[in-house]
There are 2 protein chains.
Amino acid sequence: MAEARPHSSMAPQRFLDAAARLFARDGFHAISMRDIARELGVTPGAIYAHYPSKMRILAAVYEEGVRRVASAVDAALASAQDPWVQLERASAAHLGEILDRDSGYASVVIRVLPADAPELAEEMTELRDQYEARFRTLIAALPLPPETDRTLFRMTLFGALNWTPVWTRSGQKAPEDIARAIIAMLRPAEVTPVDA
Amino acid sequence: MAEARPHSSMAPQRFLDAAARLFARDGFHAISMRDIARELGVTPGAIYAHYPSKMRILAAVYEEGVRRVASAVDAALASAQDPWVQLERASAAHLGEILDRDSGYASVVIRVLPADAPELAEEMTELRDQYEARFRTLIAALPLPPETDRTLFRMTLFGALNWTPVWTRSGQKAPEDIARAIIAMLRPAEVTPVDA
DNA sequence: TTCATAAATGAACGTTCGTTCATTTCTAGA
DNA sequence: TCTAGAAATGAACGAACGTTCATTTATGAA
């Protein structure tokens, strides 16, 4: 029973969880430190024993959000497959995270824009780029008509996926079903490779 | 020279324009009444000669935003055409409005969510529904494979369109080009009608 | 049982928020 | 030139904001 890790208690996680859920639901600027404290039944000052500012809380939530959605996508891609199946699974994993209203971590990543926190803009953009690289690779491997702009393809897919929290009721449809239908719409009927 | 309309000077428009631009750029909660006033070189109190509250300014901006994007789409649909061409033109008109960083009116409609202003949620949702009805009709007329969920098709299209402000640099690409490419991706190669 | 440490309190700070209002300034018609 | 009405000022209001800190409370190892 030697849980001997020097620092790092489990307590700070509670604050992050609450902040993630509230930021995801109402937006960063609409939530105050007092809101987060009230959610946990503590005093505003208690938060500062673990995080030095509201901005650093957002940074920590954002970081964890990217970590979670990236892990989910990586797990979904573990077994090699047909590129379209891979993209569908990655999309389903992405959706599963951002539609999870109980967590909120991944939702914050798509809801809070760099412009909402100028001092964090660089950090946020870099984390997002690292995550989106997975989809860049995935889409690069897709057999698409030669005239297709793959950057625009990626942005169209992200748009379709990231817009779902706006119109879906929580738990109404399974992420896998939505992902399957979206990918089916974006999938060209057939691509005959140019003869060599 | 009989400009004899009883009330209604042109002045309030200036306040709305500034509010729309700032709300679109930074979000409703991130902008204060003092920000709006500063943008126009006036005192915060001046705003209240024209609008009774920040919420009513948002309501007026939102209403005008819907009016503008709806007008743009209606104008684009004036001449009857092939359904896919109509949808592409409507999408280009929609994009043209929400990508107009100088105006901001239409951007507010897609950036400010009902959850940002609970007291306006009903009003906002109804206006949006009225606007989106145009696309419901347009998409209903599309020859699509029978298994296609047209609601999901509409949401996918809106997602792709409404996500563009996040990734495009202002004026980088023409709205018409983006719309053409997005519609091309969503357009099935061919639909052979079920034989009667 | 003692005690060092971590966690939380509760009160307060300076600032900014949305909003109000008596007063002043501007402007256009008579 | 006078004047009524609209527009804007400038100062202030109470409330809420992010944050600080001396003090109290809880906890786990010795």
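Structure: see above.
Colleague: I would appreciate a short explanation of the protein's contact with DNA strand D in the present structure.
Modeller: Around DNA strand D, a shell composed of 17 residues is seen, among which Met33(A), Arg34(A), Tyr48(A), Lys54(A) and Thr43(B) lie nearest. The contact atoms of DNA strand D, taken as those within 4 Å of the protein, divide so that sugar and phosphate hold 51%. At a separation of 3.5 Å, a phosphate oxygen of DNA strand D approaches a polar side-chain atom of Ser32(A). Here His50(B) contributes a side-chain N or O atom positioned 3.0 Å from a phosphate oxygen of DNA strand D. At the level of elements, helix 2 (33-40) of chain A together with helix 3 (44-47) of chain B are the ones that each hand at least two residues to the surface near DNA strand D. Split into classes, the residues belonging to the surface near DNA strand D amount to six nonpolar, eight polar and three charged.

Colleague: Help me understand the interface of chain B and chain A in this model?
Modeller: When the parts of a complex come together, some accessible area is lost, and that lost area is often taken as the interface size. Across the boundary between the two partners, chain B contributes 29 residues, which contact 29 residues of chain A. Here chain B packs against chain A, burying approximately 2500 Å² in sum over the two surfaces, 73% of which is carbon and sulfur. Among the residues chain B hides against chain A, the three largest losses belong to Leu152(B), Trp163(B) and Met185(B). Together they make up 30% of the total. The residue Asp116(A) makes a salt bridge to Arg111(B) at a minimum N-O spacing of 3.2 Å. The tally of links between chain B and chain A comes to two residue pairs in polar contact (both at pLDDT 80 or more). When contributions to the side of chain B that touches chain A are tallied by element, the ones reaching two or more residues are helix 1 (11-26), helix 6 (105-111), helix 8 (150-167) and helix 9 (175-186) of chain B. Here the side of chain B that touches chain A gets ten residues from one element, more than from any other, and that element is helix 8 of chain B.

Colleague: Quick question: what am I supposed to make of the protein's contact with DNA strand C here?
Modeller: The immediate surroundings of DNA strand C are formed by 17 residues, with Thr43(A), Met33(B), Arg34(B), Tyr48(B) and Lys54(B) found nearest. Those atoms of DNA strand C that come within 4 Å of the protein belong to sugar or phosphate at a rate of 50%. A distance of 2.8 Å is found between a base nitrogen of DNA strand C and a side-chain nitrogen or oxygen belonging to Arg34(B). Of all the elements in the fold, those that place two or more residues in the surface near DNA strand C are helix 3 (44-47) of chain A together with helix 2 (33-40) of chain B. Considered class by class, the residues forming the surface near DNA strand C number six nonpolar, eight polar and three charged.

Colleague: What is the right way to read the packing of helix 1 of chain B against helix 2 of chain B from this model?
Modeller: How two helices sit against one another is set out by the angle between their axes and by the gap between those axes. Residues and elements named next belong to chain B. Direction vectors running N to C along helix 1 and helix 2 enclose 120 degrees, while the axes themselves pass 9 Å from each other. Between helix 1 and helix 2, the angle is such that the two are oblique. For the pair helix 1 and helix 2, the crossing hand works out as right-handed. Across the interface between the two elements, Arg14, Phe15, Ala18, Ala19, Arg21, Leu22 and Phe23 of helix 1 pack against Asp35, Ile36, Glu39 and Leu40 of helix 2. Classifying every residue of the contact of helix 1 with helix 2 gives seven nonpolar, no polar and four charged.

Colleague: Sorry, what's going on with the packing of helix 4 (residues 54-76) of chain B against helix 7 (residues 121-140) of chain B here?
Modeller: All names here are of chain B. In the contact formed by helix 4 and helix 7, the axes pass within 10 Å of each other and the chain directions differ by 5 degrees. The angle between the axes of helix 4 and helix 7 places the two elements in the roughly parallel class. Residue-level contacts link Arg56, Ala59, Tyr62, Glu63, Val66, Val69, Ala70, Val73 and Asp74 of helix 4 to Glu123, Met124, Leu127, Arg128, Tyr131, Arg134 and Phe135 of helix 7.

Colleague: It is not clear to me how the side chain of Glu132(B) should be interpreted in this structure. Could you clarify?
Modeller: Residue placement: Glu132(B) occurs in helix 7. On the accessibility criterion, Glu132(B) (8% relative accessible area) is buried.

Colleague: Would you take a moment to explain the nonpolar core for this structure?
Modeller: Leu87(A) and Leu87(B) are the most contacted members of the largest nonpolar core, which has 136 residues in total. Among residues more than four places away in sequence, those in contact with Leu87(B) are Phe135(B), Leu138(B), Ile139(B), Leu142(B), Phe153(B), Leu157(B) and Ile183(B).

Colleague: Would you mind showing me how to read the layout of surface pockets here?
Modeller: Left-over empty space is what a probe sized like a water molecule reveals as it rolls over the atoms. In this structure, the second largest pocket spans a volume of roughly 720 Å³. Lining the second largest pocket are 30 residues, and of these Met185(A), Arg187(A), Met185(B), Arg187(B) and Pro188(B) lie nearest its centre. Counting residues per element, the ones that place at least two in the lining of the second largest pocket are helix 9 (175-186) of chain A together with helix 8 and helix 9 of chain B. Element by element, the count of residues in the lining of the second largest pocket is highest for helix 9 of chain B, at five residues. Looking at the lining of the second largest pocket, its residues break down into 19 nonpolar, two polar and nine charged.

Colleague: I tried to follow the relation of the copies chain B and chain A on my own but got confused; where do I start?
Modeller: Each of the two chain copies can be brought onto the other by rotation about an axis and movement along it. When chain B is brought onto chain A, the operation consists of a screw motion whose angular component is 180 degrees and whose axial shift is 0.0 Å, with 0.0 Å RMSD remaining. These values place the two chain copies in the arrangement generated by a two-fold rotation axis. Identified as the residue of chain B closest to the rotation axis by C-alpha distance is Gly159(B), at 2.3 Å. Here 100% of the interface residues in chain B have copies in chain A that are interface residues too; the copies meet face to matching face.

Cut-offs used in this document
Residues numbered from 1 in each chain as written. Chains lettered and ligands numbered in written order. Predicted model: local features only at pLDDT ≥ 70, side-chain atom pairs only at ≥ 80, totals over all residues. Heavy atoms only, no water. Near = heavy atom within 4 Å. Polar contact = N/O pair within 3.5 Å; in protein donor to acceptor, adjacent residues only side chain to side chain. Helix = DSSP H or I, 4+ residues; strand = E, 2+ residues; numbered from the N terminus. Nonpolar A, V, L, I, M, F, W, Y, C, P; charged D, E, K, R; others polar. Contact = heavy atoms within 4.5 Å. Buried area = accessible area lost by both parts, 1.4 Å probe. Salt bridge = Lys/Arg side-chain N within 4 Å of Asp/Glu carboxyl O. Axes fitted to C-alpha atoms, helices over the stretch in contact; angles between N-to-C directions. Parallel < 35°, antiparallel > 145°, perpendicular 65-115°, else oblique. Left-handed = near helix turned anticlockwise from the far one by under 90°. Buried < 20%, exposed > 50% of the residue type's maximum accessible area, 1.4 Å probe, protein only. Core = buried A, V, L, I, M, F, W, Y, C linked by side-chain atoms within 4.5 Å. 1 Å grid on protein atoms, 1.4 Å probe; cavity = no way out; pocket = protein on both sides within 12 Å on 5 of 7 lines; lining within 4 Å. Points joined across faces, edges and corners; volume = space filled by probe spheres on them. Least-squares fit on C-alpha atoms with pLDDT ≥ 70 in both.

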